[in-house]
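Secondary and tertiary structure notes
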Amino acid sequence: KCLVAVVLANLIRDLTMRTQIYLCSRRALVNINELKYTGGAVGVGSSGDGLPARRQSQMHQHRCDHLQIRHHHHHISQRKLMPSSSALSKSSRLYSQPKSTPSSQPTLFDLPNLSHPSDFTQLANEAIRSCDAIRKDLAHSLQQSTTDDDSSTTIDMVQKARQTLHQLDDISNIVCTIIDAAELCRSVHASPQWRRGALDAFGILSEYIGSLNADDRLYLSLRRFVFQDDDGGTENSTDGGGSDEGGGLILAQLPPEYQRFAHAMRKEFERDGIHLSYTKREEARELNNVIVGLETMFTSNITEKTKHYAVQGEEMVGEVEKIVPRHILGQLVRGAPPTDNNGNNITLSSDALLTNTLLAHSPSPQLRKEVYLQSNTSLPENLSVLDSLIRHRHMHSTLLGYKSHAHRVLSDRMVGSPEVVAEFLDRMGERSKDVYKSEMKMMLEAKRYVEGDASGGIEPWDVPFYTTFIKAQRQHQRWQEDEEWDGVEPDESSSGYFTVENSIEGMKMLVHELFGITMKESAIPIEERWDVDTTHQSYSGDGSGVVKGSGLRKFEFHHEEGPLGVMYFDLHPREGKFVHAAHFTIRCGRVRDDDGNGQGQNNAVNNHQLPIVALVCNLSPSSSPDASPSKAILSHSEVETLYHEFGHGLHSLLSRTAFQHLSGTRAAMDFVETPSHLFETFARDASFLTRVLARHYVTGVPMTERRAKHLALSHSDFRGVEVQTQIVHSKFDQALFGENPCSPALGGYSSTDMFERLHREAGLPYATGTHWQSRFGHLVTYGAGYYGYLYAQTFAADIWSTCLASSSTTPTSASTVREGGMKVWKGMLIHGGAKDPKEMLVSVLGRDPSVESFFKGMS
């Protein structure tokens, strides 16, 4: 009877979850991309593991954008998909060619034919028609190749291979230009009507992507005309499925970038199971639908559900109000029950900003403990969702021929396998262990000093507070130990030295000094803007096209070789806007000498496509309602975030590839954070701070060299704790999705048991009964790939110290700066994903990469 009861209970639970999954998967047609932007950033909102909140959210947001259209949730073959120029209709060419006449009517994002919310649906349907024409053309070529006499010359076959690759990329380009624009629009537009139009287009194209991924004619075209090895698409039992990608005579005669694109396309097709029998493909498709629904459910729970709880007692309430005044608290805790008017009761929420603020600044261990426990037990429903996600990802990956989900995910990364990830994390853990122990000892001493008793050791809710506390003490100590200190107590704060305008001026100087690029601001017509709702009946423009206080800005980038592209800055919060920071690709770039059909001269404008990107942030608004957004005063961490995003934007703008599928940030996920971490480093470089970036908003006086040096040094404070935390989270991520996945249904540990076990082994503080991982959105967006943040940081540190770091004793000459910058551009950024990242690193560094520079920055 007990067994029957258990079986029935499991059946009921599975039926309930399947119903929820079905509902979520229906919503996923329009909401799926929210997984990659909102999930991780919100999911890591509860600090308390020692990793600064800004770094946590920032580490998520950019890599997600790399998957802008090669949505891993759809396993986009679309990034891989794609017409010869002869197959392109007039409407499809509009998606890719830049505007060339000043008389053109302004449109949203400066994209042709996008003037009204309803245009999104029309453009989506036109994109489908254009892509279907290319698919029909490829199918016809396939049929002809089986009936015609094989009298083609080698030159003919090479030309056909080039044309086929261009066709596949054209399909991708047509779909991506519309769905990328729709993704940005639905994330940032001030108009609900525009957001709905974008959602509709996103839903239409998301569904169409499924048919592209399942079209074996695209795969067979690639094999027949490029690899010359189509053998009926028989299954292969080797890990990862598919063939060994031999290639042959024709492939070998293509340029290296074409070969890389061909191999990447084939891997992506086969990683998604296109080489399997029809029955297994259908099974894989059904499993993927369940996975998408679970991913959506996990992320929706994070973004849509907030836990409210009451803090009682005059002392506790007083502690909260010392840190967060009630009028501010009311903005952070919306929809909460009213607080006690007597002041003995106050309502808090699991909101990430509120949680991190209280954990970092409250000296009350009782309040910190309550906030931590409430926040890290706020989503128990996600535990069963996560368990089911782990199980279905494992089933899906093994069906496709992989040992695990981790093996599948890592097959196209720099590391190549989970074993290499494990070695990397162990090495990093060993190198940072002593610093970590020293920092934990320091925290214990500080706790004993502040609280009088540290016999219980350091708890998870102690870490944010005591790292903040000791950092402040260290800052003061550095001033006193400075040989130039005159005995006068300084104002140690960097507050007031950073504004939006100074930050942008720093970017202009940076790209000019490094690359010889000019970054020129241009006016934005009202039709092109998305920061105002022109569809609302209350809107009445003044006819000038200028909107006061909106803050949206547009910059055109030029080099002596020609224009490079456009970057929008949407930096401040507003209602209905995406709430984190991210780099969005509106249109990828590509540059071709010919179109694979001998028509390059006639179609040059269509084949030279300049990128358009947008940096979206939610920086501090101006303190005065009447002040310009450019005068907004920023924290130093906000400037770091802005420069991080700028690095992603430059990666997109400065790449020059023949295929948009390989453009800019469409590189290996464990490499793509390298440029963003590299440019973030400028925001804490003492020389750059004093020269241009840090100027007081009132006096205009630059930050002193001493202050800048101390600010730069503070970055290394508690790096040991940060790195050890990243390592544990990365190992946890690998364990969940490895060969022995953490799913009780598959005979493994539960995710909670594994999370505790790894913390205990590493000596990291852990609170029994909590389930931090239920809010860890990276498990959806970066499942088995979280290590990539730390991995890329080591490359960025090495490039910085080798090519870009200024000397502390001798000023760096302009020629030396330009030489280092051009190494980074021509050796790395220009290639996007069109070259092996290992080769790019060797090209820039002049040797194999090393982790030594990363550890030099650790105190």
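Source: prediction; values computed, not measured.

Glancing now at the overall build of the protein chain. The helix and strand inventory of the protein chain stands at 32 helices and nine strands. In the structure as shown, the protein chain presents an accessible area of about 33,800 Å², 51% of it carried by carbon and sulfur atoms.

Glancing now at the sheet that holds strand β9 (residues 612-616). In spatial order, the strands read β3-β4-β5-β9-β6; together these five strands make up an open sheet with mixed pairing. Only two strands of the sheet have a single partner each, and these edge strands are β3 (518-522) and β6 (582-587). Neighbour to neighbour, the strand axes of the sheet diverge by 25° on average, direction disregarded. As defined by bridge partners, strand β4 (residues 553-559) adjoins strand β5 (residues 562-570) across seven bridges and the pair is classed as antiparallel.

The next point concerns helix α19 (residues 463-481). The end-to-end C-alpha distance of α19, which contains 19 residues, comes to 26 Å, matching closely the 27 Å that a straight helix rising 1.5 Å per residue would cover. All of the buried residues along α19 are Val463, Pro464, Phe465, Tyr466, Thr467, Ile470, Arg474, Gln475, Arg478 and Trp479. Residues of α19 that are buried in the fold lie against α14 (352-361), α15 (365-375), α18 (418-451), α25 (705-713) and α26 (719-736).

Under the defined criterion, the tally for this structure stands at 41 salt bridges. Across the salt bridge formed by Asp132 and Arg135, the nearest N and O atoms sit 3.2 Å from each other. Of this pair, Asp132 and Arg135 both sit in helix α5 (residues 119-147), separated by three residues, roughly a single helical turn. A salt bridge links Arg368 to Glu451, with the shortest nitrogen-to-oxygen separation between them at 3.2 Å. Remark: Glu451 occurs in helix α18 and Arg368 occurs in helix α15; sequence separation between them is 83 residues. In this structure Glu451 comes out as partly exposed when scored by relative accessible area, which is 27%. Taken together, the salt bridges that share partners define one network made up of Asp132, Arg135, Asp215 and Arg217.

Counting residues in each nonpolar core, the largest one holds 122 residues, and the members touching the most others are Phe498, Phe515, Phe557, Phe569 and Phe646. The element that contributes the greatest number of residues to this core is helix α29 (residues 788-804), accounting for ten residues. Excluding its chain neighbours within four sequence positions, the residues that come into contact with Phe515 are His559, Leu650, Leu654, Phe679, Arg818, Gly821, Met822, Trp825 and Leu829. Leu251, Phe261, Val566 and Ile612 belong to the second largest nonpolar core, which has 64 residues in total.

Let's shift gears to the packing of helix α12 (residues 314-323) against α15. Between α12 and α15, whose axes approach to 10 Å, the crossing angle comes to 80°. It follows from the interaxial angle that α12 and α15 lie roughly perpendicular. Listed contacts from α15 to Met316, Glu319 and Val320 of α12 are Gln366, Leu367 and Glu370. Per-class residue counts for the contact of α12 with α15 are three nonpolar, one polar and two charged.

The next subject is the side chain of Ser774. Inspection of the secondary structure assignment puts Ser774 in the loop between α27 (751-762) and α28 (778-781). Judged by relative accessible area, Ser774 falls into the buried class, the value being 1%. Side-chain polar atoms of Ser774 contact the backbone oxygen of Leu379, separated by 3.5 Å. Not counting chain neighbours up to four residues away, the residues in contact with Ser774 comprise Phe298, Ile302, Leu379, Asn382 and Leu383.

In the contact formed by α14 and α19, the axes pass within 6 Å of each other and the chain directions differ by 60°. Taken together, the axes of α14 and α19 lie oblique to each other. Crossing angle aside, the handedness with which α14 passes α19 is right-handed. Of the residues in α19, those in contact with Leu359, Ala360 and His361 of α14 are Pro464, Phe465 and Thr468. Looking at the contact of α14 with α19 residue by residue, the class counts come to four nonpolar, two polar and no charged.

This brings us to the confidence of the model for the protein chain. When pLDDT is averaged across the protein chain, the result is 82; 78% of the residues are at 70 or more. For the stretch residues 596-605, pLDDT sits under 50, and the model shows 17 contacts to residues farther than four places along the chain or on other chains.

A word on the environment of Arg408. Structurally, the position occupied by Arg408 is in helix α17 (residues 405-410). When its relative accessible area of 5% is taken as the criterion, Arg408 is described as buried. Considered as a pair, Arg408 and Asp272 are 136 residues apart in the sequence and their alpha carbons are 9.5 Å apart.

Before going further, it helps to examine unusual backbone geometry. Even without a glycine there, the phi angle at Phe109 is positive, about 60°. Here Phe109 is to be found in the loop between α4 (90-96) and α5. Look at Phe109 and you get buried, because its relative accessible area is 0%. Phi angles above zero are rare outside glycine, and Gln228 is one such case at about 55°. When you line up the elements, Gln228 lands in the loop between α8 (216-227) and α9 (249-252).

Our focus in this paragraph is the environment of Ser815. Here Ser815 lies in helix α30 (residues 814-827). Overall, the relative accessible area of 53% leaves Ser815 in the exposed class. Separated by 301 residues in sequence, Ser815 and Leu514 have C-alpha atoms that sit 9.2 Å apart. A distance of 3.2 Å separates polar atoms of two side chains, one belonging to Ser815 and the other to Ser813.

Here is what the cut-offs are and how they apply
- Residues numbered from 1 in each chain as written.
- Predicted model: local features only at pLDDT ≥ 70, side-chain atom pairs only at ≥ 80, totals over all residues.
- Heavy atoms only, no water.
- Helix = DSSP H or I, 4+ residues; strand = E, 2+ residues; numbered from the N terminus.
- Areas by Shrake-Rupley, 256 points an atom, 1.4 Å probe, with all protein chains shown as cover.
- Pairing = 2+ DSSP bridges.
- Axes fitted to C-alpha atoms, helices over the stretch in contact; angles between N-to-C directions.
- Expected span 1.5 Å × (residues − 1).
- Buried < 20%, exposed > 50% of the residue type's maximum accessible area, 1.4 Å probe, protein only.
- Contact = heavy atoms within 4.5 Å.
- Salt bridge = Lys/Arg side-chain N within 4 Å of Asp/Glu carboxyl O.
- Core = buried A, V, L, I, M, F, W, Y, C linked by side-chain atoms within 4.5 Å.
- Parallel < 35°, antiparallel > 145°, perpendicular 65-115°, else oblique.
- Nonpolar A, V, L, I, M, F, W, Y, C, P; charged D, E, K, R; others polar.
- Polar contact = N/O pair within 3.5 Å; in protein donor to acceptor, adjacent residues only side chain to side chain.
- Left-handed = near helix turned anticlockwise from the far one by under 90°.
- pLDDT = per-residue confidence, 0-100.

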